[in-house]
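So the chains spell out like this:
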Amino acid sequence: MDILTRPVLVLNGSYFPISVRSVKDAICLVLLDKAEILKAAEGIFLRSEKLQFPVPNVIVVSGYYKVPQRKLRPTRQNIFIRDNNTCVYCKKVFSPSKLTLDHVIPRSRWEDIAEQQKPKFEFQSWENIVTACKSCNNKKGDKLLSELKWKVPDTKKKNSRVFMGLNISETVSKKFGWNDYLYY
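A quick note: this is a predicted structure, and the numbers were derived from the prediction, not measured.

Asker: Can you walk me through the overall build of the protein in this structure?
Answerer: When helices and strands are counted, the protein shows seven helices and six strands. In sequence order, the protein lays out its α and β elements as β-β-α-β-β-α-β-α-β-α-α-α-α. Here the protein holds 184 residues, and the buried ones make up 40% of them. Across the protein, every contact between residues at least 6 apart in sequence was considered, and the portion connecting residues at least 24 apart equals 59%. Entry remark: accessible area of the protein is about 11,600 Å², with carbon and sulfur atoms responsible for 51%.

Asker: I keep staring at unusual backbone geometry and nothing clicks. Help me out?
Answerer: Excluding glycine, a negative phi dihedral is what most residues carry, and trans is how most peptide bonds are arranged. Unusually for a residue other than glycine, Asp33 sits at a positive phi of about 60 degrees. Mapped onto the secondary structure, Asp33 falls in the loop between α1 (23-31) and β3 (35-47). For Lys149, which is not glycine, the phi dihedral falls at a positive 60 degrees. Here Lys149 is to be found in the loop between α5 (145-148) and α6 (160-163). What makes Lys149 exposed here is its relative accessible area of 76%.

Asker: Looking at this model, I keep getting lost on the packing of aromatic side chains. Mind explaining?
Answerer: Aromatic ring pairs are defined here through the distance separating the ring centres and the angle between the ring planes. Tallying each qualifying case throughout the model produces four aromatic pairs. Considering the side-chain rings of Tyr89 and Trp150, the 5.0 Å spacing of their centres and the 40 degrees angle between planes classify their relative orientation as tilted. Of this pair, Tyr89 sits in the loop between α2 (76-82) and β5 (99-103) while Trp150 sits in the loop between α5 and α6, placing them 61 residues apart in sequence. Aromatic pair Trp110 and Phe123: ring centres 5.5 Å apart, planes at 70 degrees, arrangement edge-to-face. With Trp110 in helix α3 (residues 107-117) and Phe123 in the loop between α3 and β6 (129-133), the pair connects residues that are 13 residues apart, well separated along the chain.

Asker: What is the right way to read the pairing of strand β4 (residues 52-61) from this model?
Answerer: As a general feature of sheets, a regular strand has side chains that alternate between the two faces. The buried fraction of β4 amounts to eight of the 10 residues, a majority that puts the element mostly inside the structure. In terms of strand pairing, strand β1 (residues 7-11) meets β4 through three bridges, oriented parallel. Opposite Leu11, over in β4, you have Val60 as the bridge partner. Pairing between β3 and β4: eight bridges, direction antiparallel. Residue pairing in the sheet places Glu36 in a bridge with Val60 of β4.

Asker: Where do I start with the pattern of salt bridges in this structure?
Answerer: When the charged atoms of two side chains lie near each other, side chains of opposite charge can form a pair. Counted according to the given criterion, the structure contains four salt bridges. Measuring nitrogen to oxygen at the nearest pair gives 2.9 Å for the salt bridge that ties Arg82 to Asp83. Assessed through its relative accessible area of 2%, Arg82 is described here as buried. Salt-bridge contacts for Arg109 lead to Glu147; the nearest nitrogen and oxygen are separated by 2.5 Å. Pair noted here: Arg109 is in helix α3 and Glu147 is in helix α5, with a separation of 38 residues, a long-range link.

Asker: Help me out: how do you make sense of the environment of Ser125 in this one?
Answerer: The topology assignment puts Ser125 in the loop between α3 and β6. What makes Ser125 buried here is its relative accessible area of 9%. Expressed as a C-alpha distance, the spacing of Ser125 and His103, which sit 22 residues apart in the sequence, is 9.2 Å.

Scoring rules and cut-offs
- Residues numbered from 1 in each chain as written.
- Predicted model: local features only at pLDDT ≥ 70, side-chain atom pairs only at ≥ 80, totals over all residues.
- Heavy atoms only, no water.
- Helix = DSSP H or I, 4+ residues; strand = E, 2+ residues; numbered from the N terminus.
- Buried < 20%, exposed > 50% of the residue type's maximum accessible area, 1.4 Å probe, protein only.
- Contact = heavy atoms within 4.5 Å.
- Areas by Shrake-Rupley, 256 points an atom, 1.4 Å probe, with all protein chains shown as cover.
- Phe/Tyr/Trp six-rings, centres within 6.5 Å; stacked < 30°, edge-to-face > 60°.
- Pairing = 2+ DSSP bridges.
- Salt bridge = Lys/Arg side-chain N within 4 Å of Asp/Glu carboxyl O.

And the structure:
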């Protein structure tokens, strides 16, 4: 990985994570006095004829305290992160390649249910999409959970990584030393 394209965690003035930028962008912000380096990579420097600059891992943007509001869509990755790569039906953890997305109320039943019960959410919404292993998803098919006597999964739980708007895995966080700045 090229040093200039390494990721850098950007925090606002209240130390809330707001984005991930490249080393190149981070250094530009620091040189323009718009940010300061909070944590640098050990023993890695960018050198020029007259300057030696530590490669940042975490920077703090000066004077920016607003917490950004983000409306996240229920993408495959975000749903898997929310559910911690766990099938909501059998409660087993799987790798993402072994998981599928399941609609709690299937498309084939949506119109009938929508007419009778008037659900408070849309078909393609956080409340109607969950993580399921292939086996459970095949068993469920186009049935309702009540027909199978399965429990309705809790889709209200929030994983802070998703709802902060930063999809940063714990592995990447550990690799670049961001664990102290992210809330898992």
